[in-house]
Structures are given as structure tokens and as C-alpha cells.
Amino acid sequence: MPYHSIDEILRRCRDRACPFWQVVLTTQAKETQLPESAVLDQMDQMAKAMEDSITQYDPTAVTTGKMGGQNGARLAEYNQKGDTLLGDYLSAAAVQVAESNACMKRIVAAPTAGSCGVIPAVLITYQKQQGLPRRELLRALLVSAGIGSVIAENASISGAQGGCQAEIGSA
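Residue positions are given per chain, counted from 1 along the sequence in the order it is written. Only residues with pLDDT of at least 70 are given local features in this predicted model, and only at 80 or more are side-chain atom pairs given and counted; all residues enter the totals for whole chains, interfaces and linings. The side-chain quantities take in all heavy atoms of the structure and omit both hydrogens and water.

**Considerations on helix α6 (residues 118–130)**
What counts, and what does not: By the criteria applied, helices consist of DSSP H or I runs no shorter than four residues and strands consist of E runs no shorter than two, each listed in order from the N terminus. Residue count minus one, scaled by 1.5 Å, sets the expected span of a helix. Only protein chains enter the area calculation, which uses a 1.4 Å probe; residues under 20% of their type maximum are buried, those over 50% are exposed, and those in between are partly exposed. Only heavy atoms matter for contacts: two residues are in contact if any of them lie within 4.5 Å across the pair.
Taking 1.5 Å as the rise per residue, α6 with 13 residues should run 18 Å; its terminal C-alpha atoms sit 18 Å apart, in good agreement. Buried residues of α6: Val118, Ile119, Pro120, Ala121, Leu123, Ile124, Thr125 and Gln127, and no others. Looking at the buried positions of α6, the neighbouring elements they touch are α3 (36–55), α5 (93–102), α7 (134–154) and α9 (164–170). Looking one or two residues past α6, glycine 131 carries a phi angle of roughly 65°, positive in sign.

As C-alpha cells, this is what we get:
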């Protein structure tokens, strides 16, 4: 997606009288030469993979180097106690997905594998807590893709180039 700034996307929103997510969807459809419905289907498949990376978390899995594992389960247990520092939104999902990644489980590298837990933890947790319809999750993913495109164009989402902060900060 060739966006140079958020302002550019917002200008397109004003010019077309449509929301941010619609601009991103239309641009992606044009770039891939797919109908918007096919782009939404692809986004839905990614959302499903993100959900699976949370729901199929295995708290007993550890990496081959015996690093990682079980912290997502510990955080979930801590959250269930209800006396958390950040209230009930502190999500164990981010740690669970990151641990799944370290154990070579299926994740969505959005924006990168190193930050794979952030977007699912925020968007899927929010969708479930608020009882939002699936289309709202897909729209939120489109918004995050547009923002990520601007970051990638102007800075870096690469841990190799910008350090871990580039990955996790962009997510």
C-alpha cells in the first residue's frame, strides 16, 4: 500500500467520503487486482489464524532451547484473580501468541513475527469484550494495515533494522 502519511489516507477519506478502513480496502483490492470481497476473505483468514494462535495456545510447550513457555498461562491465571494493576484488559494473549511463535506454532506476522501477539491481543480481546461483530474486527485489521504501511514507508518495522522497538512499537 503506497501511503506516505496518515494525512494522505485521511485526505482520501475526505475526498471519497468514506472511512479509513474503506480506503485501505479499496487500495489493497486495486493493488492485488482482486475484488474487495476477496481481500476481506483474506483478512478474515488472517483474523481466524490470529484467533487460533490464542485459542490453541499450549502452556506446556517450550522452545527447543528450553526457553519460553508457560508465562502466558501464568499471566492468564494472574488476570483471573481480578486484582490486576491494569484492570481486566491486561491480556495474556500477547504473551501466549509470542510463546507460540517461539515454539514454531502458526502465527500471523503482523507486522512482524517478533510482534505477532500485539495486534491479536488488542483487537481480538477488544472485539470479544465489547461483543462487536466480525466485520468490525476486519475493519480494525484494515486500519492497522494502513497505519503499518505508513510506518514501513517512513521508518521501519524491522527488528534487524530498527531493533525490537521498531517491531513492537509499530504493532
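**Brief notes about the side chain of glutamate 51**
Position of glutamate 51 relative to the elements: it lies in helix α3. Those residues in contact with glutamate 51, other than ones at most four positions away along the chain, are Ile124, Gln127, Lys128, Arg134 and Leu137.

**Observations concerning a nonpolar patch on the surface**
Which entries qualify depends on this criterion: Each patch is built from salt-bridge-free residues with over 30% relative accessible area, joining like charges within 9 Å and nonpolar side chains (Val, Leu, Ile, Met, Phe, Trp, Tyr) within 5 Å. Note on areas: Shrake-Rupley with a 1.4 Å probe; residue coverage comes only from the protein chains shown. What makes a salt bridge here is a side-chain nitrogen of Lys or Arg within 4 Å of a carboxyl oxygen of Asp or Glu, nothing more.
On the surface, Ile6, Leu10 and Ile147 cluster together into a nonpolar patch covering about 200 Å² of accessible area. Secondary-structure assignment places isoleucine 6 in helix α1 (residues 6–16).

**Some words on the pattern of salt bridges**
A full pass over the atoms with the stated rule returns 7 salt bridges. The partner of arginine 12 in a salt bridge is glutamate 8, and the shortest N-O contact between them spans 2.8 Å. Of the two residues, arginine 12 and glutamate 8 are both situated in helix α1; the distance of 4 residues between them amounts to about one turn of the helix. For glutamate 8, a relative accessible area of 12% corresponds to the buried category. Ionic pairing is found between arginine 135 and glutamate 136, a salt bridge with its closest N-O pair at 3.8 Å. Among the ionic contacts, a cluster of salt bridges with common partners joins Asp44, Glu51 and Arg134.

**Quick look at the packing of α6 against α7**
To keep things clear, this is the line we draw: Working convention: axes come from line fits to C-alpha atoms, limited for helices to the stretch in contact. Angles between N-to-C directions cover 0 to 180 degrees. An angle below 35 degrees is treated as roughly parallel, one above 145 as roughly antiparallel, one from 65 to 115 as roughly perpendicular, and anything else as oblique. Rotating anticlockwise by less than a right angle from the far helix to the near helix defines a left-handed crossing, while the corresponding clockwise rotation defines a right-handed one. All residues other than Ala, Val, Leu, Ile, Met, Phe, Trp, Tyr, Cys, Pro, Asp, Glu, Lys and Arg, Gly among them, are scored as polar; the first ten of these are nonpolar and the last four charged.
At a minimum axis separation of 10 Å, α6 and α7 run at an interaxial angle of 150°. When the interaxial angle is binned, α6 and α7 end up roughly antiparallel. Crossing hand, α6 versus α7: right-handed. For the pair formed by α6 and α7, the contact residues are Ile119, Leu123, Ile124 and Gln127 on the first element and Arg134, Leu137, Ala140, Leu141 and Ser144 on the second. Tallied by class, residues from the contact of α6 with α7 come to 6 nonpolar, 2 polar and 1 charged.

**Quick word on the packing of helix α4 (residues 71–80) against α5**
At a minimum axis separation of 8 Å, α4 and α5 run at an interaxial angle of 165°. Viewed along their axes, α4 and α5 adopt a mutual orientation that is roughly antiparallel. By crossing handedness, the relation of α4 to α5 is classed as left-handed. Contacts between α4 and α5 involve Asn71, Gly72, Ala73, Leu75 and Ala76 from the first element and Val95, Gln96 and Glu99 from the second. Here the residues of the contact of α4 with α5 sort into 4 nonpolar, 3 polar and 1 charged.

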